[in-house]
Amino acid sequence: MVGSAGLWLDAHASERDADFLIGRLLEHDGLSPEERERVMGYADLWLDAHAAEADATFTLSRMLARRDLTDEQARLAMGQAMSWLELHGEEKTAGFVLQHLLRSAIPAYEIGRVAIFAHDWLSRHGESADAGFVLPALLARPDLTDDQADRAMVSAMSWLRVHGSLDTADRVLRALLLRGDLPPARVRSVVLLTARWLGRHREEKGTGYLLGALLARDDLTAEEAAAGVREGLGRLERKCPAAETHRLLPELLGRPELSPEQRARATGFATMLEQRNTDIRAEVQKIRRLFQERAARTVEEEVRQLASGVEWLEENASRAEALPLLINVLEHPVLRHSEPVGELTGRAVATALVWLEAHWADVTATRLLQSLLGVPGMTDGHLGDVVTYSLQWLVRHENHARGRYLLQPLLSHAGLDDDQFDAGALLAIGWLRVRGTGARAYFLLESLLECSGLVAERVRDTVALARTWLTHHRSMPEAGFVFKPLLVRNDLTDDEWEWVLAEAMDWLRDHRKSRAARRVMTALAEHHRIGAADREELVTTGIAWLESHSHSPQSARTLRSLFGPTHLNEARTRRLVDCGLRWMSQQKPADTWQMLGVLAERSDLPPDRAATVESLVTARVSADPTALDVRWVLEPRLARTDITLAQRTKVIAWSFAWLERHMPQCDAHVLLGSLLALEDLSASERGRVVEWSIEWLEHHADGTAGTFAVQGAEELLGRLLSLELDAAQVRRLDVHLRERKAPGGRASGEATSARRLREDPAFGYVGG
């Protein structure tokens, strides 16, 4: 599982930007004990270097969230978290660490200290939506003192007065109801708030757990108990034998208020649960466990195991309990990334569609629809059915909180026709009008703003919604995810541009030192409307950012963006070149190819700096023109029209040497495309490049929409179709054009996608 990620981390685990990769590995359930030990070692290395930084919350929270740590690993993780909280416990992001720390097996001598951290944090952030994740973990602790428990309950009641209508408020309500020391007056208040929540969200997935906690209390009034029994029976009518019912049924059957008719109904549900649920759930869990135990298995073994899971699903596809296994199968890495499973893909998708035919209207169907929208290689018919079910669910559950998770992959899917896309955009705009001021609405705003196919009316609506969200949340680092797609669009009005450029510059001044600043900084630097004073400020900010994030893998792209869309004056150019050269001097030579490529592509360097860069290019590439990362220098050099004939001849020779060594590697298409664009290749050279390009396309013909291989195929198709080819070459290319038709009848290849970009002005500026 760790694979190539581990190779990179072996060399870079202590670097500041390694935390994202370490965090993603820590989130993975399928780690073997050996892999877990290795990943925890990477996390320890990173924390040794960065444990005192505010951004350590990402790594700490994911360490604490793992439930399979050894006792020693758990103690180390808790110790590091406590030390971090001493420094940053007042930060809003400390909530992520606290919620996982509170769920850990905290030693008795430390619980008081952890409770103090939690109460101090709640005193500052107790009315934020994020407190809804800390409060349940705190309330669930059985080892709080009376005073600590009372303070936690007071904080929870205050939070519910502000956020009690949120779909996630059931977590806080349930935690309160499960406390045996809840005073009678608070019991009445919590039961009333629970009834109000149920009035809004009784179809939510976890409602059975909330009702179970309510009916477990022995201090309900007769009216409260009767209402709870009615809600419980109604839930069972709609959901039995769903997973939550095993928590609800025992509490319901234990209520003395049940009438004979109600008891008979509840007993019937218990019989159904025993007959239908136990065996099938055990089977599902058994197969899922096999999927998760991934150590030392070959791809062939995994394919056989996947096939057995699909066979089981084909026999049980309409059963509600099959949902978790369906998701595991559809998200299995072998199904998504390996070659020999085309037939299995179709069969797995077909079983999912059988499940949706019976359960598409269920709230939980969103999770399956999300998985389906990420499956590569679906037939047009299957994709059409998935999109139809997705739109139907979104219409039925209008403005439901889960809608965001479905709208994002739906809007970004390349296979939608124009009508389906516009329907999805309308539903997204409707969702944002209701829920668009929530802190996490930026995920959907970003997805919608990144869509190039929005008609003018939808653009105006989306920009207005983005402005509303930014009015509430501009101080957040996450606001960068909204500013960036706004800045790269080319269809805003003059008034919208004036507003967004000013707001983005103000935001950047507040967040210029953060990692989040890069996205907005680069988009601003590449924008043609930026004035001279702002550009000077951006260059200064960018150089400072590069120097403080010296190990960022995005450093080269950042410097390229700072050069901007037009030539800078000599002083600014010199400052940026010196920054790039200084950055290279601080890195391992093998890690500097991309930065050298950025400098090598510039034709506007001061003469002395141009000579320095030329000397570096010649010395390093001549030493080994076949080194894998040399392509980062070769491609931009090929695009230069101002270099001498001798330099061009040399770089063409280097490129041919590289291709002879690395064809048909996935990213060889970049160099092939650059060579195809040259007009001064000899006939024999051009013939070799054309033949290599067609071979590359044939080797990667099984790539799937959205993968790097397919994006490369689209680029090469566009280049090749602009050349004069012989009849045999045209026939070989025609196969790829037919394979890359989108369900809506539009070719998804570069031949049409490049043309569509030229015709659609929405994406005039694309930042790094």
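The structure displayed is predicted, hence computed values, not measured ones.

Criteria and cut-off values
Residues numbered from 1 in each chain as written. Predicted model: local features only at pLDDT ≥ 70, side-chain atom pairs only at ≥ 80, totals over all residues. Heavy atoms only, no water. Helix = DSSP H or I, 4+ residues; strand = E, 2+ residues; numbered from the N terminus. Buried < 20%, exposed > 50% of the residue type's maximum accessible area, 1.4 Å probe, protein only. Contact = heavy atoms within 4.5 Å. Areas by Shrake-Rupley, 256 points an atom, 1.4 Å probe, with all protein chains shown as cover. Axes fitted to C-alpha atoms, helices over the stretch in contact; angles between N-to-C directions. Left-handed = near helix turned anticlockwise from the far one by under 90°. Nonpolar A, V, L, I, M, F, W, Y, C, P; charged D, E, K, R; others polar. Polar contact = N/O pair within 3.5 Å; in protein donor to acceptor, adjacent residues only side chain to side chain. Salt bridge = Lys/Arg side-chain N within 4 Å of Asp/Glu carboxyl O. Core = buried A, V, L, I, M, F, W, Y, C linked by side-chain atoms within 4.5 Å. Phe/Tyr/Trp six-rings, centres within 6.5 Å; stacked < 30°, edge-to-face > 60°. pLDDT = per-residue confidence, 0-100.

Let us now look at the overall build of the protein. Within the protein one finds 40 helices and zero strands. Across the 768 residues that make up the protein, the buried fraction comes to 51%. Restricting the contact set of the protein to residue pairs at least 6 apart, pairs at least 24 apart contribute 67%. On the protein, roughly 34400 Å² of surface is accessible, and the fraction owed to carbon and sulfur atoms is 52%.

Relative orientation of the contacting elements helix H35 (residues 645-662) and helix H36 (residues 668-676) amounts to 145°, with a least axis distance of 11 Å. Of the two possible hands of crossing, H35 and H36 adopt the one that is left-handed. Listed contacts from H36 to Ser-655, Phe-656, Trp-658 and Leu-659 of H35 are Ala-668, Leu-671, Leu-672 and Leu-675. Its residues placed into classes, the contact of H35 with H36 shows seven nonpolar, one polar and no charged.

To continue, consider H36. Where burial is concerned, most of H36 is hidden: eight out of the nine residues are buried. For H36, the full list of buried residues reads Ala-668, His-669, Leu-671, Leu-672, Gly-673, Ser-674, Leu-675 and Leu-676.

Residue Pro-664 is reached from Met-663 by a cis peptide bond, and omega for that bond is -5°. Summarising the element assignment, Pro-664 is placed in the loop between H35 and H36.

A word on the side chain of Thr-573. Inspection of the secondary structure assignment puts Thr-573 in helix H31 (residues 570-585). The contacts of Thr-573, once residues within four sequence positions are left out, are Phe-563, Leu-568, Asp-604, Leu-605 and Pro-606.

Here the focus is helix H20 (residues 365-373). The buried count for H20 comes to seven of nine residues, which makes it a mostly enclosed element. Buried within H20 we find Ala-365, Thr-366, Leu-368, Leu-369, Ser-371, Leu-372 and Leu-373.

Moving on: the side chain of His-382. Among the structural elements, His-382 can be located in helix H21 (residues 380-396). Judged by its relative accessible area of 19%, His-382 is buried.

With respect to the element layout, Asp-642 can be found in the loop between helix H34 (631-639) and H35. On a C-alpha basis, the gap between Asp-642 and Ser-603 in space is 7.1 Å, while along the polypeptide they are 39 residues apart. Separated by 2.6 Å, the side chains of Asp-642 and Arg-640 make a polar contact.

The description of two helices packed together rests on the angle between their axes and the distance between the axes. Across the interface, H36 lies against helix H37 (residues 683-699) with an axial gap of 10 Å and an inter-helix angle of 145°. Of the two elements, H36 crosses H37, and the hand of that crossing is left-handed. Contact with H36, carried on its side by Ala-668, His-669, Leu-672, Leu-675 and Leu-676, involves Arg-686, Val-689, Val-690, Trp-692, Ser-693 and Trp-696 of H37 and no other residues of that element.

Glancing now at the pattern of salt bridges. Per the stated rule, a full pass over the model turns up 51 salt bridges. When the shortest N-O distance is used, the salt bridge between Arg-124 and Glu-90 registers 3.0 Å. Linking Arg-124 in helix H7 (residues 108-125) with Glu-90 in the loop between helix H5 (71-88) and helix H6 (94-102), this pair joins segments that are 34 residues apart in sequence. Judged by its relative accessible area of 43%, Arg-124 is partly exposed. Between Arg-575 and Glu-536 there is a salt bridge; the shortest N-O distance is 2.7 Å. Residue Arg-575 is found in helix H31, and its partner Glu-536 is found in helix H29 (residues 532-548); the two are separated by 39 residues along the sequence.

If you look at the biggest cluster of nonpolar residues, it comprises 140 residues, and the most contacted ones within it are Leu-368, Leu-486 and Leu-524. Looking at this core, the element that brings in the most residues is helix H27 (residues 494-511), giving eight residues. Dropping the residues within four chain positions of it, Leu-524 is found in contact with Leu-487, Leu-501, Ala-504, Met-505, Leu-508, Ile-530 and Leu-538. Ranked by size, the runner-up nonpolar core spans 82 residues in total, among them Val-39, Met-153, Leu-160 and Ala-213.

The next subject is the packing of aromatic side chains. Overall, the coordinates contain six aromatic pairs when judged by the stated rule. Between Phe-20 and Phe-58 the ring centres are 6.1 Å apart and the planes differ by 15°, which places this aromatic pair in the stacked class. Remark: Phe-58 occurs in helix H4 (residues 57-65) and Phe-20 occurs in helix H2 (residues 19-27); sequence separation between them is 38 residues. Residue classification places Phe-58 among the partly exposed residues on the basis of a relative accessible area of 22%. When the ring of Phe-483 is compared with that of Trp-507, the centres are 6.2 Å apart and the planes differ by 50°; the resulting orientation is tilted.

Here we come to the confidence of the model for the protein. With 89% of its residues at a pLDDT of at least 70, the protein reaches an overall mean of 85. Within the model, the stretch residues 703-709 combines pLDDT values under 50 with 12 contacts to residues more than four positions away or in other chains. Low pLDDT, under 50, characterises residues 740-768; the stretch is placed with 70 contacts to residues that sit more than four places away or in other chains.

Turning our attention to the environment of Glu-714. Position of Glu-714 among the secondary structure elements: in helix H38 (residues 708-721). We classify Glu-714 as buried; its relative accessible area is 15%. Spatially, the C-alpha atoms of Glu-714 and His-669 are 9.8 Å apart, while their sequence positions differ by 45 residues.

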